[in-house]
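Listed below are the residues making up each chain.
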Amino acid sequence: MIPQSLVEHALATSIADDCIVIVQDKTSANLRWANNTLTTNGVMHGISVTVISFIRTAEGVSTGSVSGSASSQAQVSDLVTAADAAARAGSPAEDANELVRDRSSVDWDDAPVHTDIHVYDAFAPALGEAFGRAGSDGRVLYGFVNHELTTTYLGSSTGLRLRHVQPTGHYACTGKTADLSQSAWVGGATRDFADVDALAMEEKLAQRLAWGSRRVDLPAGRYDTILPPTAVADLMIDAYWYAGARVAHEGQSVYSQRGVGTRIGQTITAPGVNLFSDPAYPGLECAPFNVASSSGNESSVFDNGLPLGHTDWIRDGELTALLQTRHSAAMTRQPVTPAIDNLVLTVDGSSGSIDELVAGTERGLLLTCLWYIREVDPQSLLLTGLTRDGVYLVENGEIAGAVNNYRFNESPIDLLRRFTHASETELSFSREWGDDYFSRTATPALRVPDFNMSSVSQAM
């Protein structure tokens, strides 16, 4: 079934006053391996449809949003009936606004774009060679790669006809010694796997496992700590996700002004820090229009189709914007700045690589990545979590061995005030959030004095 026809059928079938339809045609291809052997591979295809109905009454506009898998007009009709009924039964929406009108993509009529297993034509043979090299040297590899192509069609009764094709890919590989006593991880994001080198991936794992040939147990405490781009992405995504304007305006977040209001316009990090999103950022391209299947503090179904562009969240250390719907923007009296599906952190004047940060460190720790990150205190955005798959001792600018894992307690906003050195920004991948939620990031490595390792963890 042609996705555009599902959109048009839903719009024609709905008896609500207005209707928005989001159709996403998604294909994915994956490979999985363990014990230096490819174990599974597969290709999947699915179509999801969201129907949002709007009913106007004297009291306001009520909405109903229903989503489900659908590949036929009959299935779409069922979703429309359910959405219309939910809108009729609903209360007036607090975030009601005029729907976006008369915007079209020049490629609306184009077919969806699909991926298949051939996306790994270059990667897979190199992976086989990596298996052989690892096995002969007493290392064991476990990992997973996934590539997705999602074509989104957004149509409305007010004249929206928008289309976007989103490639999303990632790779992750864990290397272990043959006795399973050591573990190291590498991973990254990609749009098409043309830039992923399986042999380089294995070589990096071999290097990290070699670092671990010496084990050093250290107690909990505060350490001069180097966070690689992966770990920085882990933390910056939380800083972004918790940047809702309404929550801040109501005094419930680190971005809240004492009393009432937000800290927009105030300096909240060190000078030279810039955090922004841009749908056109090279390597992180994403949808240039807003897509919202439901309403909440940071999203509104009424805002579907709003154009998205470069948005500075922090500029030269100053908080310049928060995640705003049109409804929250009216409350805070700030511009409308919807969420965008990528995030970039830069530091003015930063240069060099993480290797140079290591070389300039007299004694400290080098992390690999973080996981199981959870919010502890919204007022300071204090997070807790664990280090994973490689913490290394740095002495006199060189790696001196592997260290035990830790539980940490830190705020990403506080880290952006305290860091002393930053590398150049590069495309990065969050170990914690990248697989399923947010894979498009670019971040530098940061060196942070007195990073709080609150307790020793027994995790590998």
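Here, the structure is the one placed above.
Residues numbered from 1 in each chain as written. Predicted model: local features only at pLDDT ≥ 70, side-chain atom pairs only at ≥ 80, totals over all residues. Heavy atoms only, no water.

S.K.: Break down the overall build of the protein chain for me, with residues and values.
M.R.: Looking only at helices and strands, the protein chain has nine helices and 20 strands in total. For 460 residues, the compact-globule estimate of 2.2 N^0.38 gives 23 Å, and the C-alpha radius of gyration of the protein chain, at 24 Å, lies within 12% of that figure. In terms of overall dimensions, the protein chain has a C-alpha envelope of 70 × 55 × 35 Å along the principal axes. Within the protein chain, the fraction of its 460 residues that count as buried is 57%. Considering only contacts within the protein chain whose residues lie at least 6 apart along the sequence, 74% involve residues at least 24 apart. Surface summary for the protein chain: the accessible area is close to 18,900 Å², and the carbon and sulfur share equals 48%. When the 32 positive and 55 negative side-chain charges of the protein chain are each reduced to one mean point, those points stand 5 Å apart. (Helix = DSSP H or I, 4+ residues; strand = E, 2+ residues; numbered from the N terminus. Rg over C-alpha atoms; globule rule 2.2 N^0.38 Å. Buried < 20%, exposed > 50% of the residue type's maximum accessible area, 1.4 Å probe, protein only. Contact = heavy atoms within 4.5 Å. Areas by Shrake-Rupley, 256 points an atom, 1.4 Å probe, with all protein chains shown as cover. Lys, Arg positive; Asp, Glu negative; His and termini not counted. Charge placed at Lys NZ, Arg CZ, Asp CG, Glu CD.)

S.K.: A description of unusual backbone geometry should follow, citing residues and the corresponding values.
M.R.: In this model, N36 sits at a positive phi of 60 degrees, which is unusual for a non-glycine residue. With respect to the element layout, N36 can be found in the loop between strand 1 (18-34) and strand 2 (37-57). Of note in this structure, D389 is not a glycine but carries a positive phi near 55 degrees. As for its position among the elements, D389 is in strand 14 (residues 382-395).

S.K.: Could you give an account of helix 3 (residues 123-136), with specific residues and numbers?
M.R.: Between the first and last C-alpha of helix 3 there are 20 Å, a value that for 14 residues agrees with the 20 Å anticipated at 1.5 Å per step. Residues F123, A126, L127, A130, F131 and A134 constitute the buried set of helix 3. The buried residues of helix 3 occupy an angular sector of 155 degrees when the element is viewed end-on, so they sit on one face. Exposed residues on helix 3 whose side chains face more than 90 degrees from its buried face are P125 and S136. In this structure, the buried residues of helix 3 make contact with strand 1, strand 2, strand 4 (139-156) and helix 4 (198-211). G138, located one to two residues past helix 3, shows a positive phi value of around 80 degrees. (Expected span 1.5 Å × (residues − 1). Arc of directions from axis to C-beta.)

S.K.: So what's going on with the sheet that holds strand 12 (residues 343-347)? Residues and values would help.
M.R.: Ordered by their spatial adjacency, six strands build an open sheet running 11-10-9-12-19-18, and the pairing between neighbours is mixed. With one partner strand each, in any of the chains shown, strand 11 (318-319) and strand 18 (426-428) form the two edges of the open sheet. Pairing between strand 9 (residues 273-277) and strand 10 (residues 311-315): three bridges, direction antiparallel. By the bridge assignment for strand 10, S277 is matched with T311. (Pairing = 2+ DSSP bridges.)

S.K.: Any details on the side chain of S14? Residues and values, ideally.
M.R.: Within the secondary structure layout, S14 lies in the loop between helix 1 (3-13) and strand 1. There is a polar contact of 3.0 Å between the side chain of S14 and the side chain of D84. S14 has contacts with C19, S53, V80 and D84, leaving out every residue within four places of it along the chain. (Polar contact = N/O pair within 3.5 Å; in protein donor to acceptor, adjacent residues only side chain to side chain.)

S.K.: Lay out a nonpolar patch on the surface with the relevant residues and their values.
M.R.: Taken together, W241, Y242 and Y437 make up a surface patch of nonpolar side chains, about 330 Å² in accessible area. Mapping Y437 onto the fold places it in the loop between strand 18 and strand 19 (441-443). (Patch = residues over 30% accessible without salt bridge, like charges linked within 9 Å, V, L, I, M, F, W, Y side chains within 5 Å. Salt bridge = Lys/Arg side-chain N within 4 Å of Asp/Glu carboxyl O.)

S.K.: Report on helix 4, specifying residues and quantitative values.
M.R.: Between its first and last C-alpha, helix 4 extends 20 Å over 14 residues, near the 20 Å set by a 1.5 Å rise per residue. Capping of helix 4 at its N-terminal end is provided by D197; its side-chain oxygen lies 2.9 Å from the backbone amide nitrogen of L199.

S.K.: Describe the pattern of salt bridges, with residues and values.
M.R.: Evaluated as defined, the whole model comprises 23 salt bridges. The shortest N-O distance in the salt bridge between R222 and E410 comes to 3.9 Å. A residue pair is termed long-range when its members are at least 10 positions apart, and R222 in strand 8 (residues 221-227) and E410 in strand 16 (residues 405-410) qualify at 188 residues. Since its relative accessible area comes to 4%, E410 is described here as buried. Put simply, R388 and D389 hold a salt bridge, and the shortest N to O gap is 3.5 Å. A relative accessible area of 25% means that R388 is categorised as partly exposed.

S.K.: Report on the packing of helix 3 against helix 4, specifying residues and quantitative values.
M.R.: The description of two helices packed together rests on the angle between their axes and the distance between the axes. Between helix 3 and helix 4, whose axes approach to 8 Å, the crossing angle comes to 30 degrees. The orientation of helix 3 with respect to helix 4, classified from their angle, is roughly parallel. Along this stretch, helix 3 crosses helix 4, giving a crossing that reads as right-handed. Along its contact with helix 3, which presents F123, A126, L127, E129, A130, R133 and A134, the element helix 4 presents A198, L199, M201, E202 and E203. (Axes fitted to C-alpha atoms, helices over the stretch in contact; angles between N-to-C directions. Parallel < 35°, antiparallel > 145°, perpendicular 65-115°, else oblique. Left-handed = near helix turned anticlockwise from the far one by under 90°.)

S.K.: Outline the packing of aromatic side chains, supporting the account with residue identities and numerical values.
M.R.: The relative placement of two aromatic rings is captured by the distance of their centres and the angle of their planes. Enumeration according to the criterion identifies 18 aromatic pairs in this entry. Ring geometry for Y120 versus F123: centroids 6.4 Å apart, planes at 55 degrees, classification tilted. Judged by its relative accessible area of 2%, F123 falls in the buried class. On the numbers, 5.8 Å between centres and 70 degrees between planes, the contact of Y240 with F438 is edge-to-face. Placement of the pair is Y240 in helix 5 (residues 229-241) and F438 in the loop between strand 18 and strand 19, with a sequence separation of 198 residues. With relative accessibility at 4%, the residue F438 sits in the buried group. Members of the aromatic cluster, joined through ring pairs, are Y240, W241, W313, W433, Y437 and F438. (Phe/Tyr/Trp six-rings, centres within 6.5 Å; stacked < 30°, edge-to-face > 60°.)

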